[in-house]
Amino acid sequence: MLQWRGRRLSKNIYSEYGSLLLAADTRLTEEMLESLADHRILLTEDDVGPEEDAYRQWVRDAAADMKSICERTRATEEIPIDDVYIRYIPKLRRILDRAGLISVLAELKEMDDYTYHHNVAVGVISTLIGKWLGYDEATLTALSLASTLHDIGKVKVPLSILNKPMALTPDEYELMKQHTVYGYELILKTLGPGRVADVALQHHEREDGSGYPFGLMGPDIDELSKIVAVADVFHAMTSRRIYKDAVPFHQVLEQIRDGSFGRFSPEVTTVFLRKMMDSLIGVEVTLSDGDLAIVVMVHPDDPVNPVVCRKGTFIDLSCRSDLHIAKLA
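Residues numbered from 1 in each chain as written. Predicted model: local features only at pLDDT ≥ 70, side-chain atom pairs only at ≥ 80, totals over all residues. Heavy atoms only, no water.

Looking along a regular strand, one sees the side chains alternate between the two faces of the sheet. Sheet topology places strand β3 (residues 284-287) next to strand β4 (residues 292-299); three bridges connect them, and they run antiparallel. For Thr286, the partnering residue across the bridge sits in β4 and is Leu292. By the bridge criterion, three bridges tie β3 to strand β7 (residues 325-328) in an arrangement that is antiparallel. Looking at the pairing, Leu287 lines up with Ile325 of β7. (Pairing = 2+ DSSP bridges. Helix = DSSP H or I, 4+ residues; strand = E, 2+ residues; numbered from the N terminus.)

Here is the structure:
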């Protein structure tokens, strides 16, 4: 068992009674392995993720492929769809199968080019949400492709706007919003009409009609678009960019939770928040006072404010209005 020390779990580990012992993405210590042995649980290669250097390279390779796909589309106004299917999607699915969500997000956070690592993150998060919702393989494949190409229309937005190191002016923002229509048109030309094109067009639409480009409301928005909307907002808000810092982690989750009462699909946000926080069990986080802590338990009715262990003391964040999770450590 000790050969797995330092590796991260690729799946949740449960006791024989169904209790969660260790969450996927937990980095295994000698004490954890001894505890699993006490429960007569023996890990196999399928239970643990790859060596750190391996999954880091997978993420970097996926981002490099995404950059190549976008650059070729910008140059030719045609999506190299064979590269998407043959090179990129298999990398995305390998990351999903063997590397935990928190590991992937941590690696993407270290990369400089937001545009391309954002596409990878949205692809990973969206496809995970689809899995959590119980989608079949065909629908998951469509979701992976749609989330990969959701922002492809940005290749037709001037680089001076895409790379602007400060907030956009109102006119520039109106032009940026056109990436939804541009993406729809590019995908129509490549794949024809369907859900993938609809996601490019609709991922900024909102349940209450407050989104763009058409102000569609809940029943008129494709379910895949609703998933990509949540993944897109989560990663954008938790990412640091040239002109803004990342929003504190708890504030992002609270905004998504509060958005389930109007802007986002309640079904999508409920499963996302619960599963996202479950994936943090055993993971080190930074609290709003700067201290490090380990997430040890998530409340079913308040997943945003879990129980953490800081310096040997357990703290229930649901009872502390002055203390929150600021970021993933």
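All right, on to a nonpolar patch on the surface then. Judged by side-chain polarity, Ile294, Val296, Met297 and Phe314 come together as a nonpolar surface patch covering roughly 360 Å² of accessible area. No other element matches β4, which puts three residues into the nonpolar patch. Its location among the elements puts Val296 in strand β4. Judged by relative accessible area, which is 32%, Val296 ranks as partly exposed. (Patch = residues over 30% accessible without salt bridge, like charges linked within 9 Å, V, L, I, M, F, W, Y side chains within 5 Å. Areas by Shrake-Rupley, 256 points an atom, 1.4 Å probe, with all protein chains shown as cover. Salt bridge = Lys/Arg side-chain N within 4 Å of Asp/Glu carboxyl O. Buried < 20%, exposed > 50% of the residue type's maximum accessible area, 1.4 Å probe, protein only.)

Moving on, we get to the sheet that holds strand β5 (residues 302-310). Sheets are built from strands that pair by backbone hydrogen bonding, the pairs being arranged parallel or antiparallel. Within the open sheet, the five strands sit side by side as β6-β5-β4-β3-β7. Their pairing is antiparallel. Edge positions in the sheet fall to β6 (313-316) and β7, since each of these pairs with one other strand and no more. When the angles between neighbouring strand axes are averaged without regard to direction, this sheet yields 45°. As paired elements, β5 and β6 share four bridges and run antiparallel to each other. Counted as the bridge partner of Val307 is Asp316 from β6. Relative to the sheet, helix α13 (residues 266-278) contacts β4, β5 and β7, its axis offset from that of β5 by approximately 10°. (Axes fitted to C-alpha atoms, helices over the stretch in contact; angles between N-to-C directions. Contact = heavy atoms within 4.5 Å.)

Our focus in this paragraph is the environment of Leu105. If you trace the backbone, Leu105 turns up in helix α4 (residues 101-109). Separated by 89 residues in the primary sequence, Leu105 and Glu16 place their C-alpha atoms 31 Å from one another. With near-sequence residues (within four places) excluded, Leu105 lies in contact with Ala121, Ile125, Phe234, His235 and Met276.

In this section: helix α12 (residues 249-259). If you check which residues of α12 are buried, you get Phe249, His250, Val252, Leu253, Glu254, Ile256 and Gly259. Tucked into the core, α12 has its buried residues touching α11 (223-238), α13, β5 and β7.

Before going further, it helps to spend a moment on α13. A rise of 1.5 Å per residue sets the reference length of α13, with its 13 residues, at 18 Å; its end C-alpha atoms lie 18 Å apart and thus fit the reference within 8%. Listed in full, the buried residues belonging to α13 are Val268, Thr269, Val271, Phe272, Leu273, Met276 and Met277. (Expected span 1.5 Å × (residues − 1).)

Let us now look at the nonpolar core. Counting residues in hydrophobic clusters, the biggest one holds 74 residues, and the most contacted among them are Val124, Leu149, Phe234, Phe249 and Phe272. Residues contacting Phe249, with those up to four places away along its chain left out, are Phe234, Thr238, Met276, Met277, Leu280, Ile325, Ala326, Lys327 and Leu328. The next biggest cluster of nonpolar side chains, apart from the first, holds nine residues, and it includes Leu28, Leu33, Leu36 and Leu43. (Core = buried A, V, L, I, M, F, W, Y, C linked by side-chain atoms within 4.5 Å.)

This brings us to the pattern of salt bridges. Counted by the stated rule, this structure contains 15 salt bridges. In this structure, Arg72 and Asp83 form a salt bridge, with 2.3 Å as the shortest nitrogen-oxygen distance. Of this pair, Arg72 sits in helix α2 (residues 52-76) while Asp83 sits in helix α3 (residues 81-98), placing them 11 residues apart in sequence. For Glu174, the salt bridge is made with Lys177, and the minimal N-O distance between the two is 3.2 Å. Separated by three residues within a single helix, Glu174 and Lys177 lie in helix α8 (residues 170-177), roughly one turn from each other. Relative accessible area serves as the criterion here: at 17%, Lys177 is assigned to the buried category. If you follow the salt bridges from partner to partner, you end up with Asp289, Asp291, Arg310 and Lys311 in one network.

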